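The primary structure of each chain is shown beneath.
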Amino acid sequence: MEDEPRLAEGLRVGLVADGFAVDVAETGTDGLWLAREEPFDAIVLDLMLPGLNGYQVCRILREERNWTPILILTAKDGEWDEVEGLDTGADDYLTKPFSHAVLVARLRALLRRGARERPAVLSAGDVRLDPASRKASRGAVALDLTSRELALLEFMLRRRGEVVSKREILAHVWDFDFDGSPNIVEVYVRRLRDKLDRPFGRASIETLRGSGYRLAADGG
């Protein structure tokens with residue numbers, strides 16, 4: 001979906017030459033209709049579209065549980081534009097101007113990965129987290145979480161039902177360069193339990209000794 005006809009045609013010709021079958025929509029409204037009607041393998045989505053913008057198109061598709069891989073394409077280069085695009089459920093982000101070879105490589109990488117769930121709102125049972133607004137709740141009760149607790153909950157929701165190690169949590173919730181004690185993970189898991197589980201008489205976060213933690217897929 002691209003609103004600049006010359007650029008859209010150039011992208012179409014280049015992608016067809018690389019073996020892709022391509023449909024072009026010049027408005028967000030038309031693009032949303034196409035994405036709903038056709039089983040595309042991937043979507044290249046411009047943010048600055050007339051009608052519905054790219055953020056809106058991406059969010060609507062994800063709310064409808066359409067997991068077609070989405071590559072956002074935009075002239076914007078601010079980091080918060082990238083954050084918003086990814087938080088609405090996009091899979092990748094490319095800023096204009098860009099190399100056609102890079103675009104093709106990114107698309108092929110998305111096709112190899114296939115369609116994966118990237119919901120705009122994460123959930124497990126009655127636990128919900130909107131990464132864009134940074135709001136979390138259990139049932140009808142809003143949870144008062146710190147930024148780090150929100151990041152921990154987001155990571156565990158994205159991996160719900162799976163065992164995640166302390167090392168994985170440190171890498172995603174802190175960073176690879178964190179040089180403090182890994183026991184910080186235990187501290188924040190305990191804090192999250194105190195807000196997410198104990199007030200509700202639930203036990204959604206399980207400790208597996210020697211392996212890590214698991215957030216119940218059904219919210220516990």
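Note on numbering: residues in each chain are counted from 1, in written sequence order. Under the rules for a predicted model, residues below a pLDDT of 70 receive no local features and side-chain atom pairs below 80 are neither given nor counted, while totals for whole chains, interfaces and linings still include all residues. Water and hydrogen atoms play no part in the side-chain values, which are based on all heavy atoms of the structure.

Undergrad: Would you explain the overall build of the protein chain in this entry?
TA: Helix and strand definitions follow DSSP, with helices as H or I runs of at least four residues and strands as E runs of at least two, each counted in order from the N terminus. Within the protein chain, the regular secondary structure consists of eight helices and ten strands. The principal-axis extent of the C-alpha atoms belonging to the protein chain is close to 55 × 40 × 30 Å. When a residue's accessible area, from a 1.4 Å probe over protein chains only, is under 20% of the maximum for its type it is buried; when over 50% it is exposed; and in between it is partly exposed. Here the protein chain holds 220 residues, and the buried ones make up 41% of them. Two residues qualify as a contact provided that any one of their heavy atoms is within 4.5 Å of a heavy atom in the partner residue. In the protein chain, once contacts between residues fewer than 6 apart in sequence are set aside, the share between residues at least 24 apart is 55%. Here the Shrake-Rupley method, with its probe set to 1.4 Å, supplies the accessible areas, and only the displayed protein chains count as covering residues. A total of about 11,800 Å² of accessible surface is found on the protein chain, and carbon and sulfur atoms cover 49% of it. Here the protein chain contributes 32 positively and 38 negatively charged side chains, and the mean placements of these two sets differ by 7 Å. Within this scheme the basic residues Lys and Arg register as positive and the acidic residues Asp and Glu register as negative, but His and the chain ends are omitted. The location of each charge is read from NZ of Lys, CZ of Arg, CG of Asp or CD of Glu.

Undergrad: Could you clarify how one ought to interpret the pattern of salt bridges in this entry?
TA: When the charged atoms of two side chains with opposite charge come close together, those side chains can pair. Think of a salt bridge as a Lys or Arg side-chain nitrogen and an Asp or Glu carboxyl oxygen that are within 4 Å of each other. A complete count under the given rule lists 15 salt bridges for this structure. A salt bridge links Glu64 to Arg36, with the nearest nitrogen and oxygen atoms 2.5 Å apart. Remark: Arg36 occurs in helix 2 (residues 28-37) and Glu64 occurs in the loop between helix 3 (54-63) and strand 2 (70-74); sequence separation between them is 28 residues. Note that Lys195 is salt-bridged to Glu149, the shortest N-O span being 2.8 Å. Here the residue Lys195 occupies a position in helix 8 (residues 184-196), and Glu149 occupies one in helix 6 (residues 147-158), the gap between them amounting to 46 residues. It is possible to trace a salt-bridge network through shared partners that takes in Asp126, Arg138, Asp197 and Arg202.

Undergrad: Just to check I follow, could you spell out the UniProt feature "modified residue: 4-aspartylphosphate" (unreviewed entry) in the protein chain for this structure?
TA: UniProt positions are given in the numbering used here, feature names are shortened, and annotations may be inferred rather than shown by experiment. As recorded in UniProt, the sites labelled "modified residue: 4-aspartylphosphate" (unreviewed entry) are Asp46. Counting through the fold element by element, Asp46 comes out in strand 1 (residues 43-46). Taking relative accessible area as the criterion, Asp46 reaches 2% and is therefore assigned buried.

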